[in-house]
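The chain contents come next:
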Amino acid sequence: MAVQIVTALLGSLGFAMMFNLGRRNVIPAAINGMCTWIVYILVRNIIDDVFIPSLAASLWAAIYAEIAARVMKAPANQYLIVGLVPLLPGAPLYYTLSAAFDSEWEMAKSSGNNTLLFVLGIAVGISLICGFDDIIRKVYKRFKEREKC
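Rules used throughout
- Residues numbered from 1 in each chain as written.
- Predicted model: local features only at pLDDT ≥ 70, side-chain atom pairs only at ≥ 80, totals over all residues.
- Heavy atoms only, no water.
- Salt bridge = Lys/Arg side-chain N within 4 Å of Asp/Glu carboxyl O.
- Helix = DSSP H or I, 4+ residues; strand = E, 2+ residues; numbered from the N terminus.
- Buried < 20%, exposed > 50% of the residue type's maximum accessible area, 1.4 Å probe, protein only.
- Phe/Tyr/Trp six-rings, centres within 6.5 Å; stacked < 30°, edge-to-face > 60°.
- Axes fitted to C-alpha atoms, helices over the stretch in contact; angles between N-to-C directions.
- Parallel < 35°, antiparallel > 145°, perpendicular 65-115°, else oblique.
- Left-handed = near helix turned anticlockwise from the far one by under 90°.
- Contact = heavy atoms within 4.5 Å.
- Nonpolar A, V, L, I, M, F, W, Y, C, P; charged D, E, K, R; others polar.

A.B. asks: How would you explain the pattern of salt bridges if you had to name every residue and give the values?
C.D. replies: When the charged atoms of two side chains with opposite charge come close together, those side chains can pair. Under the counting rule described, the total for this entry stands at 5 salt bridges. A salt bridge links Arg70 to Glu66, with the shortest nitrogen-to-oxygen separation between them at 3.0 Å. Linking Arg70 with Glu66, this pair stays in helix α3 (residues 51-72), spanning 4 residues, or about one helical turn. A residue is classified by how much of its surface remains accessible, and Arg70, at 37% relative accessible area, is partly exposed. Across the salt bridge formed by Asp134 and Lys138, the nearest N and O atoms sit 3.4 Å from each other. Of the two residues, Asp134 and Lys138 both sit in helix α6 (residues 105-148), 4 residues apart, roughly one turn of that helix. One network of salt bridges, in which partners are shared, links Glu66, Arg70, Asp133 and Arg137.

A.B. asks: I'd like a description of unusual backbone geometry, backed by residues and values.
C.D. replies: A positive phi angle, close to 50 degrees, is found at Asn20, a residue other than glycine. Examined against the element boundaries, Asn20 turns out to sit in the loop between α1 (2-18) and α2 (23-46). One non-glycine residue, Ser103, lies in positive phi territory at about 60 degrees. Structurally, Ser103 is set in the loop between α5 (90-101) and α6.

A.B. asks: Please provide a residue-by-residue account of the packing of aromatic side chains, values included.
C.D. replies: Considering all chains together, one arrives at 5 aromatic pairs under this definition. Taking 5.9 Å as the distance between ring centres and 55 degrees as the angle between the ring planes, the aromatic pair formed by Phe15 and Phe19 counts as tilted. The interplanar angle of 65 degrees and the centroid separation of 5.5 Å between the aromatic rings of Tyr94 and Tyr95 together place this pair among those described as edge-to-face. Given a relative accessible area of 54%, Tyr94 falls into the exposed group. Feature note: the residues Trp37, Tyr40 and Phe118 constitute an aromatic cluster, connected by ring pairs.

A.B. asks: Requested: an account of the packing of α2 against helix α4 (residues 76-84), with residues and values cited.
C.D. replies: At a minimum axis separation of 7 Å, α2 and α4 run at an interaxial angle of 45 degrees. Between α2 and α4, the interaxial angle falls into the category oblique. The two elements α2 and α4 cross, and the hand of that crossing is right-handed. Between α2 and α4, the contacting residues are Asn25, Pro28, Ala29, Ala30, Asn32, Gly33 and Thr36 on the first element and Gln78, Tyr79, Leu80, Val82 and Gly83 on the second. The residue inventory of the contact of α2 with α4, partitioned by class, reads 6 nonpolar, 6 polar and no charged.

A.B. asks: Can you break down the packing of α3 against α4 residue by residue, with the values?
C.D. replies: Orientation of α3 relative to α4, taken along the N-to-C sense of each, is 145 degrees, at an axis distance of 8 Å. As α3 runs across α4, the sense of the crossing is right-handed. Of the residues in α4, those in contact with Ser58, Ala61, Ala62, Ala65, Glu66, Ala68, Ala69 and Met72 of α3 are Ala76, Tyr79, Leu80, Gly83 and Leu84. Each residue belonging to the contact of α3 with α4 can be placed in one class, and the counts come to 10 nonpolar, 2 polar and 1 charged.

This is how it looks when you write it as structure tokens:
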């Protein structure tokens, strides 16, 4: 587990450097990737599924990205993208396509279903947090406008 966490940190750090986030944003973005993977591992140990752990991890990544963006006065996307790098389903997608190319349709169907659930969990988590953030901002803006009157 320690190797996975260090690898998630280094992989996220590499992507943060590749995206030229700037000196002050590289480390917080890489820490998001490491923490996202820790959340995924912890939830995966409790729930033997792919959807719920990927949902929980992407919820964490999006929340961290929104908070880091406010604190560091930077766009949330850079923290979110780097934070999600460890969650990218590279191996499941590879196994799905490999089985499909080998005409092993049952294996491709099973692996593809898991890959789809994994990606769906990531998308739902990001959408929930971004949607809530947008709603909160609009409510706060209206509250401030009414306060001025």
